[in-house]
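Analysis of the macromolecular model
One letter stands for each residue in the lines below.
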Amino acid sequence: MSSNTTNTTTISTAGPPSRRNTELALLAFSVLIPCFAYANVGLALDGEMPSGMLGYGLGLGLLAGVGHVVVRKFARYADPLLLPLATLLNGIGLVIIWRLDQAPRLMAKKFFHPSAPNQLLFSALGIALFVAVLIFLKDHRILQRYTYISMVVALILLVAPMFFPAKFGARIWITIPGLGSLQPGEFAKIILAIFFAGYLMVKRDALALASRRFMGLYLPRGRDLGPILVVWAVSILILVFETDLGTSLLFFGMFVVMLYVATERTSWIVFGLLMSAGGAVFVNTFEPHVQQRVDAWLHPFDAFKDGSSDQIAQALMAFGSGGVFGTGWGQGHSDLIGFAANSDFILATVGEELGLAGVMAILLIYGLIVERGLRTALAARDPFGKLLACGLSAAFGIQVFVVAGGVMGLIPLTGMTMPFMAQGGSSVLANWALVAILVKISDTARRPAPAPAPSPDAEMTQVVRP
Amino acid sequence: MSELTLTVMRLGFLAVLWLFVIVAVQVIRSDLFGTRVTQRGSRRGGQDRQPQRAQQTAPPQQRQQQQSGGRRAERGRRGAPTKLVVSEGTLTGTTVALQGQTISLGRAHDSTIVLDDDYASSRHARIYPDRDGQWIVEDLGSTNGTYLDRTRLTTPTPIPLGAPIRIGKTVIELRK
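Residues numbered from 1 in each chain as written. Chains lettered and ligands numbered in written order. Predicted model: local features only at pLDDT ≥ 70, side-chain atom pairs only at ≥ 80, totals over all residues. Heavy atoms only, no water.

The name given to chain B in an unreviewed UniProt entry is PSer/pThr/pTyr-binding forkhead associated (FHA) protein, with Streptomyces syringium as the source organism.

As named in an unreviewed UniProt entry, chain A is Cell division protein FtsW (Lipid II flippase), taken from Streptomyces netropsis. Taken from UniProt, the Subcellular location (unreviewed entry) comment for chain A reads in full: "Membrane". (UniProt positions renumbered as here; feature names shortened; annotations may be inferred.)

What follows is the structure, given as structure tokens:
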């Protein structure tokens, strides 16, 4: 009790609430939860505490601590929730990947090698990127200067994988010999959000105001339709040439969301949905890879029976056998999914071992990250920051929807990763960078307004007035 | 490991996970910042939000006491406005505490109240206290004008309590 009161006084004398102590408490919590899970897996599988317990726990705690110290130093007024939520997801992801590394069925595979150490390394690199963005990005408005450069960079990143061989049926990787492969789409997501925000900030008045009203919808002028058509065409091209439904859905969805936010015109959403539906159906008619995905989605158990693609069926059965409270850590059989069990299908493991209750909690945590992003957008004072925060959190949300929907059989499966949780270096790195930008914007947005500077206009009027 | 221990751990983990979610939501609830919406909870909640709330609620009371007992005693009887409330327009519900600072209104991003209003100029008007503490509204040469009640402002004008100041579609008034 006495410690509580001393705490209260220290916070209140610290000046305006920066919520850093709240963040630290939540961060400690979000490091302890994965440690608990880790111990639980070890106890369930071997009946003893796992040997790497101390290493993983300290590693995660150290990473979180570094992140916190840097936030405290360079983004004092940042949102207190973004870092702990991301840390928790990353930590739980690490535990699931480690748990799947222990699965005998996966160990028996030919190309098996444990992914958890690698993932921990990439988490560390992700935190390093987070720290770097916080330190070197002094003000998010600097990004506005690079509007068109970021468009070019994003297009290059999107187009580049076409020149590399397809992996697992989708061309979304850039393979650098000796170094491994990179998924540029994950980074393009952030860079495109910067471009859209910069572009729409300039063009939104033209897009919003110059329109005719027709049947309750605002029809934009033909020439204003240009950019949406271009983005649509690019996303269709991605779908055709890279056979990657997820990336194309993500970019188009993000663009439509940002367009709607910038212009307040519902008609963009209607157009966007019609165009994406039309495009998807059109591509489905001739692209075999997409057709195969759609078939596996419509008839998962047929594909299971004839043995062509049993992943979705196995994932559905994993969710089913999990029930409401799950089988418990380490006691499920989600390793039956086999290939990509720890990347695209990682949510199935959550579904089986933690059950409906666990999946709901995880999805809520993703939802909270999106909510904090949108709250940041609301609080931001400049339109570029608003649009950027909105676009980034929309991209994050759409990505979670696309992956979770695919794994649960709601929409056709796409080759995307669950942010922070899934095994994969690019994904972890890019999402930490995304969270870092959100933290930076929220720091600017929540910083108490400085004493209003005497505006030069006001001074002039006072001098001129008799 | 016994079945019982594992079951307890399984449910315990879910409980801890949900506890985290609930704590996070509580943090959001207590995390009031930026433009504050006029709806003041009466309950005093968790330990870390108490000081923040105390800070938020204390200044108006202190100010009122100072105003009624201090050097502004002559106006204390009528009651000085303590806050500026947006009552119509896209920012409806926004309040700004009046603490002797100049409040600028307009579409410019550095305005105290950034108007998202097609009819507002970038530096539309400002509201400031004069030497006696009387709040004055001044139009800063806006295109579409600032209206106090129904009259378009041409000179800096004192604001009566509760009188609507209209800028485009936005209506602002001072309240106690």
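Overview of helix α4 (residues 82-101) of chain A
Since there are 3.6 residues in each turn of an α-helix, residues three or four apart along the chain are aligned in direction. With 20 residues, α4 of chain A extends 29 Å between its outermost C-alpha atoms, agreeing within 8% with the 28 Å of an ideal straight helix rising 1.5 Å per residue. Most of α4 of chain A is tucked away: 20 of the 20 residues are buried. (Helix = DSSP H or I, 4+ residues; strand = E, 2+ residues; numbered from the N terminus. Expected span 1.5 Å × (residues − 1). Buried < 20%, exposed > 50% of the residue type's maximum accessible area, 1.4 Å probe, protein only.)

What to know about empty space enclosed by the protein
Space left empty within the atom packing is revealed by a probe, the size of a water molecule, rolled over the atoms. Residues and elements named next belong to chain A. The final tally for this structure, using the stated rule, is 5 cavities of 30 Å³ or more. In this structure, the largest cavity occupies an estimated 110 Å³ of space. In terms of lining, the largest cavity is formed by 15 residues, of which the most central are Gln-183, Gly-185, Glu-186, Asp-244 and Thr-247. Broken down by secondary-structure element, the contributors of at least two residues to the lining of the largest cavity are α7 (147-159), α8 (184-209) and α10 (245-263). In terms of residue count, α8 provides more of the lining of the largest cavity than any other element does, 3 residues in total. For the lining of the largest cavity, the class distribution of residues is 7 nonpolar, 5 polar and 3 charged. There is about 70 Å³ of room inside the second largest cavity. Forming the boundary of the second largest cavity are Pro-34, Cys-35, Tyr-38, Tyr-56, Gly-57, Leu-60, Gly-91, Leu-94 and Val-95. At the level of secondary structure, the elements contributing two or more residues to the lining of the second largest cavity comprise α2 (20-46), α3 (53-74) and α4. (1 Å grid on protein atoms, 1.4 Å probe; cavity = no way out; pocket = protein on both sides within 12 Å on 5 of 7 lines; lining within 4 Å. Points joined across faces, edges and corners; volume = space filled by probe spheres on them. Nonpolar A, V, L, I, M, F, W, Y, C, P; charged D, E, K, R; others polar.)

Side note on the packing of helix α15 (residues 346-353) of chain A against helix α16 (residues 355-379) of chain A
To characterise two packed helices, one gives the angle between the axes of the helices and the distance between these axes. All names here are of chain A. For the pair α15 and α16, interaxial distance at closest approach is 5 Å and the crossing angle is 135°. The angle between the axes of α15 and α16 places the two elements in the oblique class. Along its contact with α15, which presents Val-350, Gly-351, Glu-352 and Glu-353, the element α16 presents Gly-355, Gly-358, Val-359 and Ile-362. (Axes fitted to C-alpha atoms, helices over the stretch in contact; angles between N-to-C directions. Parallel < 35°, antiparallel > 145°, perpendicular 65-115°, else oblique. Contact = heavy atoms within 4.5 Å.)

A word on the pattern of salt bridges
Tallied over the entire structure, the rule returns 11 salt bridges over all chains. For Lys-189 of chain A, the salt bridge is made with Glu-186 of chain A, and the minimal N-O distance between the two is 3.3 Å. Linking Lys-189 of chain A with Glu-186 of chain A, this pair stays in helix α8, spanning 3 residues, or about one helical turn. Judged by relative accessible area, which is 0%, Lys-189 of chain A ranks as buried. With a closest N to O distance of 3.0 Å, Glu-138 of chain B and Arg-126 of chain B form a salt bridge. Of the two residues, Glu-138 of chain B sits in strand β7 (residues 135-139) while Arg-126 of chain B sits in strand β6 (residues 125-129), which places them 12 residues apart along the sequence. (Salt bridge = Lys/Arg side-chain N within 4 Å of Asp/Glu carboxyl O.)

Considerations on the nonpolar core
Counting residues in each nonpolar core, the largest one holds 136 residues, and the members touching the most others are Ile-92, Phe-130, Trp-329, Leu-388, Met-418, Met-421 and Val-439 of chain A. With 14 residues, helix α17 (residues 383-408) of chain A is the single largest residue contributor to this core. (Core = buried A, V, L, I, M, F, W, Y, C linked by side-chain atoms within 4.5 Å.)

Observations regarding the interface of chain A and chain B
Taken residue by residue, the interface counts 53 residues in chain A and 37 residues in chain B. For the pair chain A and chain B, the summed buried surface comes to about 4,000 Å²; carbon and sulfur atoms form 70% of the total. Looking at the side of chain A facing chain B, the largest losses of area belong to Arg-19, Phe-29 and Phe-36 of chain A, adding up to 14% of the total buried there. Linking chain A to chain B there are 0 salt bridges. Taken together, the links from chain A to chain B amount to 2 residue pairs in polar contact (both at pLDDT 80 or more). (Buried area = accessible area lost by both parts, 1.4 Å probe. Polar contact = N/O pair within 3.5 Å; in protein donor to acceptor, adjacent residues only side chain to side chain.)

Details of the UniProt feature "domain: FHA" (unreviewed entry) in chain B
When the UniProt feature table is mapped onto this chain numbering, "domain: FHA" (unreviewed entry) sits at residues 103-153 of chain B. Across residues 103-153 of chain B, the secondary structure splits into 0% helix and 39% strand, with the terminal C-alpha atoms separated by 17 Å.

Regarding the confidence of the model for chain A
Residue and element names in this part refer to chain A. Mean pLDDT over chain A: 81, with 84% of residues reaching 70 or higher. When pLDDT is averaged over each element of chain A, α16 comes out on top at 93 and helix α1 (residues 2-13) at the bottom at 33. Ignoring residues within four places in sequence, the model shows residues 1-15, a span with pLDDT below 50, making 10 contacts including any to other chains. (pLDDT = per-residue confidence, 0-100.)

Examining the side chain of Asp-117 of chain B
Residue and element names in this part refer to chain B. Mapped onto the fold, Asp-117 is located in the loop between β5 (113-114) and β6. Nearest to the buried, unbridged Asp-117 among oppositely charged side chains is Lys-169, at 5.9 Å. For Asp-117, the side chain forms a polar contact with the main-chain nitrogen of Tyr-119, separated by 3.0 Å. Within the structure, the side chain of Asp-117 is placed 2.8 Å from the side chain of Thr-170, a separation counted as a polar contact. If we ignore the near neighbours within four places in the chain, the residues touching Asp-117 are Arg-107, Ile-167, Gly-168, Lys-169 and Thr-170. (Lys, Arg positive; Asp, Glu negative; His and termini not counted.)

A look at a nonpolar patch on the surface
A cluster of nonpolar residues, Val-324, Phe-325, Leu-356 and Met-360 of chain A together with Leu-11 of chain B, forms a patch on the protein surface that exposes about 440 Å² of accessible area. Among the secondary structure elements, Phe-325 of chain A is positioned in the loop between α14 (311-322) and α15. The class for Phe-325 of chain A is partly exposed, based on a relative accessible area of 46%. (Patch = residues over 30% accessible without salt bridge, like charges linked within 9 Å, V, L, I, M, F, W, Y side chains within 5 Å. Areas by Shrake-Rupley, 256 points an atom, 1.4 Å probe, with all protein chains shown as cover.)

Overview of helix α11 (residues 266-286) of chain A
Residue and element names in this part refer to chain A. In this model α11 runs 32 Å from its N-terminal to its C-terminal C-alpha over 21 residues, within 8% of the 30 Å that 1.5 Å per residue would give. Of the residues making up α11, those classed as buried are Ser-267, Trp-268, Gly-272, Met-275, Gly-279 and Val-283. Taken down its axis, α11 places every buried residue within 130° of arc, on the same side. Opposite the buried face of α11, at more than 90 degrees from it, the exposed residues are Leu-273, Leu-274, Val-281 and Thr-285. (Arc of directions from axis to C-beta.)

A look at the environment of Leu-88 of chain A
Residue position: Leu-88 of chain A is located in helix α4. Considered as a pair, Leu-88 of chain A and Gly-55 of chain A are 33 residues apart in the sequence and their alpha carbons are 17 Å apart. Those residues within four positions of Leu-88 of chain A in sequence are excluded, and the remaining contacts are Ser-30, Ile-33, Pro-34 and Ile-365 of chain A together with Leu-17 and Phe-20 of chain B.

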